[in-house]
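Below, each chain spelled out in residue letters.
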Amino acid sequence: MRKVVAIACFISGYAQAQQQIVVHELAWIGLNQSEQDSIQELHIVNLLPTLSFGIIIDNQGIDESTPGTTAGSALGGAVGNATYVDRAIKNGNYSARNQLGATLIGAILGSTLDRQANSKFHFRYAVRHSNGEIKYFDIIQNDAFRHPIGVCVSVPNIHIIEQSICTQTTESVRSRYIGTARWDEMKNTKPPTLAATGQEGPTDKPIMKVKCTLKNLPAVYASESKCLLIGGTPDHENK
């Protein structure tokens, strides 16, 4: 039982140590297969399609807000007041209090014809993708604040994302995730063996690796346990 727990703790700790990173596909394609495998040994790579983000190069806005109206309540109050005065003169029982009440009731009934103010701002953003293509995106919102020119955003929702994504290159990815002291240290670490978990004898062998497919990412070789933990599909026929 202790051996099983030790194996489970080791696998869990290794999976948690992996950091999820975002790399846009043009920078990723520039890496060779060996470099991609090296990065995926340490990180869970989330590929960002080229046309899913970009830099704002222009923005235009129109205020399409509509003001509220009070004509209905004003007209209703006037009608209620006039109607009461006419009846009071005819019947000879005028009351200032009743006149005020008639005016208020008329205003309340007339307010159903009024329209509330509506804030509406229409912005059109010109976004340049990392491949140089420029596209326009329309956003409707309730406030007048817009994103400035030069920021990196996701499209089509125009949300600010990590700014380094828009300036990411193959070389910057290689330098950040491969050419580091941390990678140099970990790449020299031998694969864990079952003996490290407390088992002895003929079971003291390196953990076997299988071909692991990760959604839209290139297949990599990893232990079956690690492959399952990161959401991959192990291929036993291509060990």
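See above for the structure.
The structure reproduced in this document is the subject of the present report. In this text the structure is predicted, and so the values were computed from the model without any measurement. (Residues numbered from 1 in each chain as written. Predicted model: local features only at pLDDT ≥ 70, side-chain atom pairs only at ≥ 80, totals over all residues. Heavy atoms only, no water.)

### Section: the overall build of the chain
Rules: To qualify as a helix, a DSSP run of H or I must reach at least 4 residues; to qualify as a strand, a run of E must reach at least 2; elements of each kind are numbered from the N terminus. Categorising residues by exposure relies on relative accessible area from a 1.4 Å probe, with only protein chains included: less than 20% of the type maximum marks a residue as buried, more than 50% marks it as exposed, and the intermediate range marks it as partly exposed. Any two residues having at least one pair of non-hydrogen atoms within 4.5 Å are treated as being in contact.
What the chain contains, in helices and strands, is eight helices and ten strands. By the burial criterion, 30% of the 239 residues in the chain qualify as buried. Considering only contacts in the chain between residues 6 or more positions apart, those separated by 24 or more positions represent 58%.

### Some details on helix α3 (residues 33-42)
Note the following rule: Polar contact is the term for a pair of N or O atoms within 3.5 Å; when the atoms are in protein, one must be able to donate a hydrogen and the other to accept it, and sequence-neighboring residues count only if both atoms are side-chain atoms.
All buried positions along α3 are accounted for by Glu35, Gln36, Ser38, Ile39, Gln40 and Leu42. At the N-terminal boundary of α3, the capping side chain belongs to Asn32, with an oxygen 3.1 Å from the backbone nitrogen of Ser34.

### Digging into helix α6 (residues 170-177)
Quick reminder of the rule: Here the arc refers to the set of directions running from the helix axis out to each C-beta atom.
Inspection of α6 places Thr170, Val173 and Tyr177 among the buried residues, and these make up the whole buried set. All buried residues of α6 project into a common sector of 65° when viewed along the axis, lining one side.

### Side note on the packing of aromatic side chains
Formally: Only Phe, Tyr and Trp rings are paired, with Trp represented by its six-membered ring, and only when their centres lie within 6.5 Å; those with planes under 30 degrees apart are stacked, over 60 edge-to-face, the remainder tilted.
For the coordinates displayed, the defined rule picks out one aromatic pair. Geometrically, the ring pair formed by Phe123 and Tyr125 is tilted, given 6.4 Å between the ring centres and 45° between the ring planes. With respect to class, Phe123 is no different from Tyr125; both count as buried.

### Focus: the sheet that holds strand β6 (residues 152-154)
We count it as follows: Strand pairing requires that DSSP identify at least two bridges connecting the strands.
Strand order in the open sheet formed by five strands is β5-β4-β3-β6-β7, with antiparallel pairing between adjacent strands. Pairing within the sheet leaves two strands with one partner each, and these edge strands are β5 (134-141) and β7 (159-160). Alignment of strand β4 (residues 121-128) against β5, held across eight bridges, turns out to be antiparallel. Of the residues in β5, the one forming a bridge with Tyr125 is Phe137.

### Side note on the pattern of salt bridges
The test is simple: In what follows, salt bridge is the name for a side-chain nitrogen of Lys or Arg lying within 4 Å of a carboxyl oxygen of Asp or Glu.
The full count for this structure, using the stated rule, is five salt bridges. Between Glu64 and Lys120 there is a salt bridge whose closest N-O contact spans 3.8 Å. Of this pair, Glu64 sits in the loop between β3 (53-63) and α4 (71-91) while Lys120 sits in the loop between α5 (96-110) and β4, and the two are 56 residues apart along the sequence. Residue Lys135 is joined to Glu133 by a salt bridge in which the shortest nitrogen-to-oxygen separation is 4.0 Å. By relative accessible area, Glu133 is classed as partly exposed at 35%.

### Thoughts on unusual backbone geometry
A cis amide bond, omega 10°, links Val155 with the succeeding residue Pro156. By the element assignment, Pro156 lies in the loop between β6 and β7. In the Ramachandran plot, Ile158 falls in the positive-phi region, its phi being about 55° despite a non-glycine side chain. Tracing the backbone through its elements, the reader meets Ile158 in the loop between β6 and β7.

### As for the state of the cysteines
Applicable threshold: The disulfide definition used here is simple: a pair of cysteine sulfur atoms within 2.5 Å.
According to the stated counting rule, one finds one disulfide in the structure shown. Put simply, Cys152 and Cys166 are joined by a disulfide, and their sulfur atoms are 1.9 Å apart. Between Cys152 and Cys166 the sulfur-sulfur dihedral comes to about 75°; the bridge is accordingly right-handed. Here the residue Cys152 occupies a position in strand β6, and Cys166 occupies one in the loop between β7 and α6, the gap between them amounting to 14 residues. Across this residue pair, the class does not change: Cys152 and Cys166 are buried.

### Details of the side chain of Gln141
Mapping Gln141 onto the fold places it in strand β5. Among the residues examined, Gln141 registers a relative accessible area of 18% and is labelled buried. Of the polar contacts made by the side chain of Gln141, one reaches the backbone oxygen of Phe145; its length is 2.6 Å. Sequence-distant contacts of Gln141, that is, excluding residues within four places in its chain, are made with Ser119, Lys120, Phe121 and Phe123.

By themselves these figures say nothing about function.
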